[in-house]
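Per-entry structural report
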Amino acid sequence: MDFTLSPAQAALQERATAAGAEFRDACGAWDLADEAPYREIFDRMGELGFFGLTMPSEFGGQDLSALDYLIATTAIFRASQTWLCCEPLFCTTGPGPSMIMLGDEGVREKYLPDIVAGRRGCNIALTEPNAGSALTHLSTTAKRDGDDYIVTGSKSYVTGAVVNDLHAVFVRFDDIPGAKGVGALVLEDRMEGVRVERGPRFVGDRGIPHGDLFLDEVRVPAENLIIGPGQFARLMSAFNMERLHNCAFWLGSSLAAYDEAAKHVQQREAFDRPLVEFQAVYHDLANMWTQIEALRLLATQAAATAKDGKYPDLHMVTMAKLFGATVGPQITLKSMELHGGVGVTLDAPIQRIHRDAISNVVAGGAPAVLRNGIAAGLFPGRRFPQTR
Ligand SMILES: Cc1cc2nc3c(=O)[nH]c(=O)nc-3n(C[C@H](O)[C@H](O)[C@H](O)COP(=O)(O)OP(=O)(O)OC[C@H]3O[C@@H](n4cnc5c(N)ncnc54)[C@H](O)[C@@H]3O)c2cc1C
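Residues numbered from 1 in each chain as written. Predicted model: local features only at pLDDT ≥ 70, side-chain atom pairs only at ≥ 80, totals over all residues. Heavy atoms only, no water.

Spelled out, the test is: UniProt positions are given in the numbering used here, feature names are shortened, and annotations may be inferred rather than shown by experiment.
As annotated in an unreviewed UniProt entry, the chain carries the name Caffeyl-CoA reductase-Etf complex subunit CarC and comes from Paraconexibacter sp. AEG42_29. Turning to the chain, the UniProt annotation filed under Sequence similarities (unreviewed entry) states: "Belongs to the acyl-CoA dehydrogenase family." You can read under Cofactor (unreviewed entry) in the UniProt record for the chain the words "FAD".

Okay, here's the thing in structure tokens:
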């Protein structure tokens, strides 16, 4: 088993590091203002060749692997120290386009070329005010009416909803209860009855708002169907690209927190010695790096399970994401502690990296819910029903 990056992967990582570094100095101001020049960032990442990494070339993609996606996004997270610079990769490759790939030719031809080329952004809208972890209990409905579906409901915390005009929306078809009734459709801002509002402000992941969608009897052409009822597991297989993106976030932000700590403890002195010379400090750095390497192995293994155009294996990618959400905030908090008082000043990158980390703990699936899924994989003969 060889863990060395191929020359092409090493070159991709180098390019991604250089791309991320272009934005590092600006991201503190975007965070404080909760405003960022998103279109500019998006276009620049396209110019640098980071659109549609794993999408097939027939739709304008680069035919790269899920592992390449992990390598590129991790490097951009690390070098840019912001989640924003990876959004263009997420939108043109991540769960939105990956789910549309599961649809029939009509929906693929209609949307994928524009999405992959970055002409139109696509986010994913699952969460509702009364159904986050309880995804299988969502209440946004889609009812067939002639050649259309009529969609009614609302969605919360949708990353990119305010800046993207396409939404891959999870709906319940024909009032079929539970997971069996859940599928997805593509909705557009311009459809009558779609309203997008800036949602509540987050403590981290700032720079563009996480929006709320309000859907009032929206008439959606049947050709916009991604997946209908009865195929929930298939729909969620493409959602594993979201979990891989989460893994890249944890790996990249943990590396950024390590970088900041390593720099600070070599510059700052106490008792006439650089901080790094105290055993308690270099042991902390050794622990951080060991956690990072363990996370890298889990995430790499998860990405490597995606073969022949498939998505990462659910069990592997869920464990990698859970491990990231467990050690990631520990690493960023430890780095902040090693900075001393300066670590909690608003000019210090580490406080932002830590706020981003705690904001991501439940994004894409809360740790307890991930554990439910992992346990279900460990005991395939048993059921762990969450409903009363
Ligand atoms: C930064 C960020 C970005 C996001 N982006 C998007 C997006 O782009 N699109 C989108 O649709 N959503 C998005 N979300 C929403 C996110 O997916 C949900 O917040 C998440 O799934 C948790 O749902 P909830 O907030 O309703 O928490 P709840 O479901 O209320 O859960 C709260 C807690 O209750 C416990 N819990 C709940 N159910 C169980 C159970 N069955 N077993 C054990 N414990 C349980 C867990 O401890 C859990 O953390 C985002 C959220 C954040 C923070």
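Continuing now.
1. Some thoughts on the packing of helix H4 (residues 66–80) against helix H9 (residues 279–304)
What counts, and what does not: A fitted line through C-alpha atoms represents every axis, and for helices the fit uses only the stretch in contact; the resulting angles, taken between N-to-C directions, go from 0 to 180 degrees. Helix and strand assignments follow DSSP, with helices taken as H or I runs no shorter than four residues and strands as E runs no shorter than two, numbered in order from the N terminus. Crossing chirality is assigned from the near helix's rotation relative to the far helix, an anticlockwise turn below a right angle marking it left-handed and a clockwise turn marking it right-handed. We call two residues in contact when some of their heavy atoms are within 4.5 Å. Side-chain classes are defined by residue name, with Ala, Val, Leu, Ile, Met, Phe, Trp, Tyr, Cys and Pro counting as nonpolar, Asp, Glu, Lys and Arg as charged, and the others, Gly among them, as polar.
Where H4 meets H9, the closest approach of the two axes is 7 Å, and the angle between their N-to-C directions is 145°. Between H4 and H9 the crossing geometry is right-handed. Where H4 abuts H9, its residues Ala-66, Leu-67 and Leu-70 lie against Ala-299, Thr-300 and Ala-303. Classifying every residue of the contact of H4 with H9 by side-chain character gives five nonpolar, one polar and no charged.

2. Considerations on the UniProt feature "domain: Acyl-CoA oxidase/dehydrogenase middle" (unreviewed entry) in the chain
Summarizing the sequence annotation, UniProt attributes the feature "domain: Acyl-CoA oxidase/dehydrogenase middle" (unreviewed entry) to residues 124–218 in the numbering used throughout. Between the first and last C-alpha atoms of residues 124–218 the distance is 17 Å; the span itself is 0% helix and 51% strand.

3. So, the packing of aromatic side chains
The cut-off we apply is this: Put simply, two rings from Phe, Tyr or Trp (the six-membered ring, in Trp's case) pair if the centres are within 6.5 Å, and we call them stacked under 30 degrees between planes, edge-to-face over 60, tilted for the rest. Residue exposure (1.4 Å probe, protein chains only): buried if accessible area is under 20% of the type maximum, exposed if over 50%, otherwise partly exposed.
All told, the structure shown has ten aromatic pairs when counted by the stated rule. Ring centres of Tyr-38 and Phe-42 lie 5.6 Å apart, and the angle between their planes is 65°; this geometry places the pair in the edge-to-face category. Of the two residues, Tyr-38 and Phe-42 are both situated in helix H3 (residues 38–47); the distance of four residues between them amounts to about one turn of the helix. This pair shows no difference in class: Tyr-38 is buried, exactly as Phe-42 is. When the centroid spacing of 6.3 Å and the interplanar angle of 70° are considered together, the rings of Phe-379 and Phe-384 count as edge-to-face. By way of ring pairs, the aromatic residues Tyr-38, Phe-42 and Phe-51 are connected into one cluster.

4. Examining the site of the ligand
Stated precisely, the cut-off is as follows: The near set for a molecule or strand comprises every residue that places at least one heavy atom within 4 Å of it. Side-chain atoms alone can form a polar contact between residues adjacent in sequence; in general such a contact is a pair of N or O atoms within 3.5 Å, and within protein one must be able to donate a hydrogen while the other accepts it. Computed with the Shrake-Rupley method and a 1.4 Å probe, the accessible areas treat only the protein chains shown as cover for residues.
Every one of the 21 residues lining the ligand counts as a neighbour, but Leu-126, Thr-127, Ser-133, Tyr-157 and Thr-159 are closest to it. Here a nitrogen atom of the ligand sits 3.1 Å away from a polar atom, N or O, in the main chain of Tyr-157. Within the side chain of Gln-386, a nitrogen or oxygen atom sits 2.9 Å from a nitrogen atom of the ligand. When the free accessible area of the ligand is taken as 980 Å², the share hidden by the protein chains comes to 67%. Of all the secondary structure elements, the ones that give two or more residues to the shell around the ligand are strand E1 (122–125), strand E3 (148–159) and helix H12 (367–378). The greatest single-element share of the shell around the ligand, amounting to four residues, is contributed by E3. Residues belonging to the shell around the ligand are distributed by class as follows: eleven nonpolar, nine polar and one charged.

5. Notes on helix H11 (residues 349–360)
In plain terms, the rule: To estimate how far a helix should reach, multiply one less than its number of residues by 1.5 Å.
For H11, which comprises twelve residues, the first-to-last C-alpha distance of 17 Å matches the rise-based estimate of 16 Å (1.5 Å per residue) to within 8%. Extensive coverage of H11 is indicated by the burial of ten of its twelve residues. Buried positions along H11 lie against helix H2 (27–33), helix H8 (232–267) and helix H10 (314–338).

6. Overview of a negative patch on the surface
Put simply, the rule is: Only residues whose relative accessible area exceeds 30% and that form no salt bridge are eligible for patches; like-charged ones are grouped when within 9 Å, while nonpolar side chains (Val, Leu, Ile, Met, Phe, Trp, Tyr) are grouped when within 5 Å. We count a salt bridge whenever a side-chain nitrogen from Lys or Arg sits within 4 Å of a carboxyl oxygen from Asp or Glu. Only four residue types enter the tally: Lys and Arg on the positive side, Asp and Glu on the negative side, with His and both chain ends excluded. Here the site of a charge means NZ on Lys, CZ on Arg, CG on Asp, or CD on Glu.
Negative charge collects at one region of the surface, where Glu-58, Asp-63, Asp-104, Glu-105 and Glu-109 lie side by side. On the secondary structure map, Glu-58 appears in the loop between H3 and H4.

7. Digging into the domain arrangement of the chain
Put simply, the test is: Segmentation of the chain into domains, including their bounds, is taken from an automatic or database domain assignment. Buried area is a sum: the accessible area each of two parts loses on coming together, probed at 1.4 Å, counted once for each and added.
Structurally, the chain comprises domain 1 (7–116), domain 2 (122–228) and domain 3 (233–378). Inter-centroid distance (C-alpha atoms) of domain 1 to domain 3 is 20 Å. Domain 1 puts 25 residues into the contact, and the matching count from domain 3 is 30 residues. Between domain 1 and domain 3, roughly 2,400 Å² of surface is buried when both sides are summed, and carbon and sulfur atoms account for 66% of that area. It is Arg-78, Gln-81 and Leu-102 that lose the most area in domain 1 upon contact with domain 3, and together they represent 27% of the buried surface on that side. Where domain 1 touches domain 3, the interface holds two salt bridges. For Asp-31, the salt bridge is made with Arg-355, and the minimal N-O distance between the two is 2.6 Å. At the boundary of domain 1 with domain 3, the tally comes to seven residue pairs in polar contact (both at pLDDT 80 or more). Only H2, H4, helix H5 (87–93) and helix H6 (95–100) provide two or more residues apiece to the side of domain 1 that touches domain 3. Broken down by element, the side of domain 1 that touches domain 3 gets its largest block of residues, eight residues, from H4.

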